[in-house]
Amino acid sequence: MSEEITVVAFLKAKPGAEQQVADAMKACIAPTLTEESNLSYVPQQDQDDPQTFVFVERWTSRQGLNDHMETPHFKTLIASVQGLLEAPPAVHVLKPLAAL
């Protein structure tokens, strides 16, 4: 049975903070893609609502995601967006139906 997971995380920037949030997200891409358990990491910005940002990530396992959350680049991302978001990120950890 596959342990692979997909993470979809929604961030809502405060008005005027869109570029700062985007820059913080972009800074996390390169180091995350080098993580052994990362399969895909694509931060995106909603074209109809530029305050809304979405991470779409794939990991080999939940443990891989947990390890990612302990990396310096992830911690820097979290610190960088502190105070720039309207609410805490809404994070959904998904498992393919075939694995259920």
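Cut-off values and rules
Each chain has its residues counted from 1, following the order in which its sequence is written. At least 70 in pLDDT is required for a residue's local features to be given in this predicted model, at least 80 for side-chain atom pairs to be given and counted, and no such filter applies to totals for whole chains, interfaces and linings, which use all residues. For the side-chain quantities, the full set of heavy atoms in the structure was used; hydrogens and water were omitted. Only when DSSP finds a minimum of two bridges between them are two strands counted as paired. Each helix is a run of H or I in the DSSP string that is no shorter than four residues. Each strand is a run of E no shorter than two, and both are numbered from the N terminus. Axis angles are defined between N-to-C directions and span 0 to 180 degrees, where every axis is a line fitted to C-alpha atoms and, for a helix, only to the segment in contact. Residue contacts are counted whenever heavy atoms from the two residues lie within 4.5 Å of one another. For our purposes a nonpolar core is just a set of buried Ala, Val, Leu, Ile, Met, Phe, Trp, Tyr and Cys residues, chained together by side-chain atoms within 4.5 Å. Burial status follows relative accessibility: with a 1.4 Å probe on protein chains alone, a residue under 20% of its type maximum counts as buried, one over 50% as exposed, and anything between as partly exposed. The labels follow the angle: roughly parallel below 35 degrees, roughly antiparallel above 145, roughly perpendicular from 65 to 115, and oblique for the rest. In the scheme used here, Gly and all other residues not listed as nonpolar or charged are polar, with Ala, Val, Leu, Ile, Met, Phe, Trp, Tyr, Cys and Pro taken as nonpolar and Asp, Glu, Lys and Arg as charged.

## What to know about the sheet that holds strand β1 (residues 5–12)
Reading across from one edge, β2-β3-β1-β4 is the order of the four strands in this open sheet, with antiparallel pairing throughout. This sheet does not close on itself; its edge strands, each paired only once, are β2 (38–45) and β4 (90–94). The average undirected angle you get between the axes of adjacent strands in this sheet is 10 degrees. Across eight bridges, β1 lies against strand β3 (residues 52–59) in antiparallel orientation. Note on β3: the bridge partner recorded for Val8 is Val56.

## What about the environment of Val56?
Within the secondary structure, Val56 sits in strand β3. As for Val56 and Val42, which are separated by 14 residues in sequence, their C-alpha atoms are 5.3 Å apart. If sequence neighbours within four positions are ignored, Val56 has contacts with Val7, Ser40, Tyr41, Val42 and Gln44.

## Digging into the nonpolar core
In summary, soluble globular proteins display a tendency toward joint burial of nonpolar side chains. Counting 20 residues, the largest nonpolar core has Val21, Phe53, Phe55 and Leu77 as its most contacted members. Secondary structure elements with two or more residues in this core: β1, α1 (18–27), β3 and α4 (72–81). Once you skip the residues sitting within four places of it in the chain, Leu77 turns out to touch Ala24, Met25, Cys28, Tyr41 and Phe55.

## Quick notes on the packing of α1 against α4
Remark: α1 packs on α4, axes separated minimally by 9 Å, with the N-to-C direction vectors making an angle of 175 degrees. The orientation of α1 with respect to α4, classified from their angle, is roughly antiparallel. Contacts between α1 and α4 involve Val21, Ala24 and Met25 from the former and Leu77, Ser80 and Val81 from the latter. Here the residues of the contact of α1 with α4 are counted per class, giving five nonpolar, one polar and no charged.

## With respect to the side chain of Thr32
Along the chain, the position of Thr32 falls in helix α2 (residues 29–33). The contacts of Thr32, once residues within four sequence positions are left out, are Asn38, Tyr41, Trp59, His68 and His73.

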